[in-house]
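Listed here are the chains, written in short residue letters.
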Amino acid sequence: MEDMLGADGKAAELMDQAMAMVMAYAPKVVLALITLLIGLWLISKLVGVLETRLTAKDPTLSKFLCGLIGVTLKILLLISVASMVGIATTSFIAVMGAAGLAVGLALQGSLANFAGGVLILIFKPFKVGDVVEAQGYLGTVVEIQILYTILNTFDNRRIVIPNGNLSNSSLINLSAYETRRCDMSFGIGYGDDIEKAKAIIQRLIGSDERAMKDPEPMVVVGGLGESSVDFTVRVWLKASDYWPFYFDMQENVKKTFDAEGISIPFPQRDVHLYKAD
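Residues numbered from 1 in each chain as written. Predicted model: local features only at pLDDT ≥ 70, side-chain atom pairs only at ≥ 80, totals over all residues. Heavy atoms only, no water.

(A) Expanded view of a nonpolar patch on the surface. Among the surface-exposed residues, Val30, Ile34, Ile38, Trp41 and Leu42 lie close enough to one another that they form a single nonpolar patch of about 490 Å² accessible area. Take Val30: it is sitting in helix 1 (residues 2-57). (Patch = residues over 30% accessible without salt bridge, like charges linked within 9 Å, V, L, I, M, F, W, Y side chains within 5 Å. Areas by Shrake-Rupley, 256 points an atom, 1.4 Å probe, with all protein chains shown as cover. Salt bridge = Lys/Arg side-chain N within 4 Å of Asp/Glu carboxyl O. Helix = DSSP H or I, 4+ residues; strand = E, 2+ residues; numbered from the N terminus.)

(B) View of helix 7 (residues 242-260). Taking 1.5 Å of rise per residue, 19 residues should cover 27 Å, and helix 7 covers 26 Å from first to last C-alpha, within 8% of that figure. For helix 7, every residue scored as buried is listed here: Tyr242, Phe245, Met249, Val253, Thr256 and Phe257. Down the axis, helix 7 shows its buried residues gathered within 95° of arc, on one side only. The outward face of helix 7, more than 90 degrees from its buried face, is lined by the exposed residues Phe247, Lys255 and Ala259. With its phi angle positive at about 80°, Gly261 sits one or two positions after the end of helix 7. (Expected span 1.5 Å × (residues − 1). Buried < 20%, exposed > 50% of the residue type's maximum accessible area, 1.4 Å probe, protein only. Arc of directions from axis to C-beta.)

(C) Structural detail: the pairing of strand 4 (residues 158-162). Covered by surrounding structure in strand 4 are Ile159 and Ile161 only, the residues Arg158, Val160 and Pro162 on the alternate face being uncovered. Judged from the five bridges that link them, strand 3 (residues 148-153) and strand 4 form a sheet pairing that is antiparallel. Across the sheet, Thr149 pairs through a bridge with Ile161, a residue of strand 4. Here strand 3 hands over to strand 4 after four residues, with Asn156 in that stretch at a positive phi of 65°. (Pairing = 2+ DSSP bridges.)

(D) Here's a closer look at the pairing of strand 7 (residues 218-224). With six bridges connecting them, strand 7 and strand 8 (residues 229-238) associate as antiparallel partners. Counterpart to Val221 in the pairing with strand 8 is Phe231. Counting the residues in the hairpin turn of strand 7 and strand 8 gives four residues.

(E) Local environment of the packing of aromatic side chains. Evaluation of the coordinates by the stated rule reveals four aromatic pairs. Both rings, one in Tyr242 and one in Trp243, keep their centres 4.9 Å apart while their planes meet at 80°; by these two values the pair is edge-to-face. Classification of Tyr242 as buried rests on a relative accessible area of 10%. Aromatic pair Trp243 and Tyr246: ring centres 5.6 Å apart, planes at 80°, arrangement edge-to-face. Pair noted here: Trp243 and Tyr246 are both in helix 7, with a separation of three residues, about one helical turn. (Phe/Tyr/Trp six-rings, centres within 6.5 Å; stacked < 30°, edge-to-face > 60°.)

(F) Structural detail: the side chain of Thr149. Take Thr149: it is sitting in strand 3. Residue Thr149 is classed as buried on the basis of its relative accessible area, which comes to 1%. A distance of 2.6 Å separates polar atoms of two side chains, one belonging to Thr149 and the other to Asn163. Those residues within four positions of Thr149 in sequence are excluded, and the remaining contacts are Ile120, Phe126, Val141, Glu143, Ile144, Ile159, Val160, Ile161, Asn163 and Leu166. (Polar contact = N/O pair within 3.5 Å; in protein donor to acceptor, adjacent residues only side chain to side chain. Contact = heavy atoms within 4.5 Å.)

(G) Local environment of the pattern of salt bridges. As enumerated under the stated definition, the model contains nine salt bridges in all. The salt bridge involving Arg210 is made with Asp208; its shortest N-O contact spans 2.8 Å. Note on Arg210: relative accessible area 24%, which makes it partly exposed. The class for Asp208 is buried, based on a relative accessible area of 12%. Of the charged contacts in the structure, one is a salt bridge between Asp258 and Lys254, with a shortest N-O distance of 2.4 Å. Of this pair, Asp258 and Lys254 both sit in helix 7, four residues apart, roughly one helical turn. Lys254 sits in the partly exposed class, given a relative accessible area of 39%.

(H) Molecular detail of the side chain of Asp208. Among the secondary structure elements, Asp208 is positioned in the loop between helix 6 (194-206) and strand 7. Of the polar contacts made by the side chain of Asp208, one reaches the side chain of Arg210; its length is 2.8 Å.

(I) Summary view of the sheet that holds strand 7. The strand order 6-8-7 describes an open sheet built from three strands, whose pairing is antiparallel. Each of the sheet's edge strands pairs with one partner strand only, and the pair in question is strand 6 (179-188) and strand 7. Here the average twist between neighbouring strands, direction ignored, is 25°. Running at roughly 15° to strand 8, helix 6 makes contact with strand 6, strand 7 and strand 8 of the sheet. (Axes fitted to C-alpha atoms, helices over the stretch in contact; angles between N-to-C directions.)

Quick look at the structure:
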């Protein structure tokens, strides 16, 4: 009987202690949760406004910087909420530091991508809107994020490339300059008039307003092939006119050569059949 009374007394004592702890910590936990929710909402709004402002001024920097600011503010908010509950801030920071070290060792590739993103923003080998060729892909840069750079290809594919790879390998920025040189080659037969073919090509270039007059277009005999005399043609253009001009010249040269009686050689094979007795 005394054992039962002693057990009941201990249970009641534990219940009282539990209720006391709930009464002591419940307001802190509720206040911490309210602070966490309001803080996350404010951070979201702040980052959204900042991203809008930065995008108008520097689209290249906006995604990266806003992502970094958002993560930093959330970490600070988490530390503040932990201190409100009663967790020692120094101990909490020490635990987070140890956890951060473990995560960092496990995610070395992600840290390399983060460092690559910082290098891209500092040295600016390309920016949002540039057309680049990198890692075997050709496309327009649409976003530079904390860990990845996103390209849209001309056939409307979305390519995600780690920043670490971009910062440590060669790439071609086709939008770095306002002008580009268009290199083309056209072949004619050995029996055709070289001067006439050259004059046709020069006339077609001169009649196209997209071709720049300075530097002067170059049309020269660049080589004597196995079955053709090859013209090397070099024309300076605005970068945006490169491919339209290139495709138009291929078509116009073929049509004009046909109309003017200039032949364009192509591989042919003669087959001779002999009837055996």
